[in-house]
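# Analysis of the macromolecular model
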Amino acid sequence: MKTNRDEIMQSALQLFMSMNYEKVSLQMITRKVGITKTGIFNYFPTKLDLFVAVADKYLFNAQNPRNKFDTSDATLSGFIEKYVEGVKRTMAEIVRLGNVDRKAMPGKSPNAGYFHLFHQVLFYYPGGKEKLHGMMANEYDIWREKISRAADAGEINPDTDVEEAAALFRQVFVGLSYEKSFYDGLDTEQLRKRFQHIYSLLKR
């Protein structure tokens with residue numbers, strides 16, 4: 001069951017995706033949710049507390065590999081499939097939440113708004129830069145582990161440069177996500193095709 005806290009955070013997410021932190025006021029949120037400022041303060045003493053909670057739930061927790069996809073697959077091929085499906089589920093939820101009230105984001109894509117949230121974390125989330133870097137480093141570590149194991153098992157060329165291969169997978173995902181955010185959002189089938197092409201090159 002959705003609580004007032006959930007309503008507040010979803011409304012705040014839409015606003016933070018559509019405009020800068022400084023422009024989002026508690027009055028805007030109270031109007032969207034239909035509660036008083038006191039009602040918001042019961043959950044979030046300050047606007048920064050609210051922003052941190054939104055970033056934690058919809059960015060850091062959503063992008064946590066343990067929440068996004070299953071990392072247990074023994075093969076690189078299997079991991080790629082689970083990765084793509086995890087990305088698909090995660091972004092579908094972000095788009096769903098961003099589309100709840102189009103008045104909050106007139107003429108804007110929820111996908112582009114989500115990247116906007118990432119940028120704001122760098123400036124307003126205490127220690128946000130370090131936390132983002134840690135999150136990204138964690139994904140690189142997972143790719144390195146999967147690629148290294150695949151090379152050792154003979155699934156891919158044993159001479160594969162693990163560092164460069166990990167960078168290829170990760171940067172194709174980030175680059176394609178960013179580019180497509182200006183249109184209709186990431187096409188996960190296109191992402192799967194790009195990943196499979198890289199995988200085929202690693203097998204040679």
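Residues numbered from 1 in each chain as written. Predicted model: local features only at pLDDT ≥ 70, side-chain atom pairs only at ≥ 80, totals over all residues. Heavy atoms only, no water.

The name recorded for the protein in an unreviewed UniProt entry is TetR/AcrR family transcriptional regulator, from Candidatus Caccoplasma merdipullorum.

Take the overall build of the protein next. Along the protein, the regular secondary structure elements total ten helices and zero strands. Across the 204 residues that make up the protein, the buried fraction comes to 47%. Total accessible area on the protein is roughly 10700 Å²; 53% of this is exposed by carbon and sulfur atoms. Across the protein, the mean location of the 29 positive side-chain charges is 8 Å away from that of the 25 negative side-chain charges. (Helix = DSSP H or I, 4+ residues; strand = E, 2+ residues; numbered from the N terminus. Buried < 20%, exposed > 50% of the residue type's maximum accessible area, 1.4 Å probe, protein only. Areas by Shrake-Rupley, 256 points an atom, 1.4 Å probe, with all protein chains shown as cover. Lys, Arg positive; Asp, Glu negative; His and termini not counted. Charge placed at Lys NZ, Arg CZ, Asp CG, Glu CD.)

This part takes up the nonpolar core. Ranked by size, the top nonpolar core spans 59 residues in total, and within it I29, L59, L76, Y114, W143 and F195 carry the most contacts. Elements supplying a minimum of two residues to this core: α1 (4-18), α2 (26-33), α4 (47-61), α6 (76-98), α7 (110-124), α8 (128-153), α9 (162-180) and α10 (188-202). (Core = buried A, V, L, I, M, F, W, Y, C linked by side-chain atoms within 4.5 Å.)

The full count for this structure, using the stated rule, is eleven salt bridges. The partner of R96 in a salt bridge is E93, with the nearest N and O atoms 2.7 Å apart. Taken together, the residues span about one helical turn, with R96 and E93 both in helix α6 at a distance of three residues. Salt-bridge contacts for R144 lead to E163; the nearest nitrogen and oxygen are separated by 2.9 Å. With a gap of 19 residues between them, R144 in helix α8 and E163 in helix α9 connect regions that are remote in the sequence. By relative accessible area, R144 is classed as partly exposed at 24%. Members of the salt-bridge network, linked through shared partners, are E81, E85, E189 and R192. (Salt bridge = Lys/Arg side-chain N within 4 Å of Asp/Glu carboxyl O.)

Let's shift gears to the packing of α7 against α8. Where α7 contacts α8, the axes come no closer than 6 Å and their chain directions differ by 130°. For the element pair α7 / α8, the angle class is oblique. Taken together, the residues of α8 that come into contact with α7 (itself represented by F118, V121 and L122) are G128, K129, L132 and M135. (Axes fitted to C-alpha atoms, helices over the stretch in contact; angles between N-to-C directions. Parallel < 35°, antiparallel > 145°, perpendicular 65-115°, else oblique. Contact = heavy atoms within 4.5 Å.)

A cluster of nonpolar side chains, Y178, F182 and Y183, forms an exposed patch at the surface whose accessible area comes to about 390 Å². On the secondary structure map, F182 appears in the loop between α9 and α10. When its relative accessible area of 54% is taken as the criterion, F182 is described as exposed. (Patch = residues over 30% accessible without salt bridge, like charges linked within 9 Å, V, L, I, M, F, W, Y side chains within 5 Å.)

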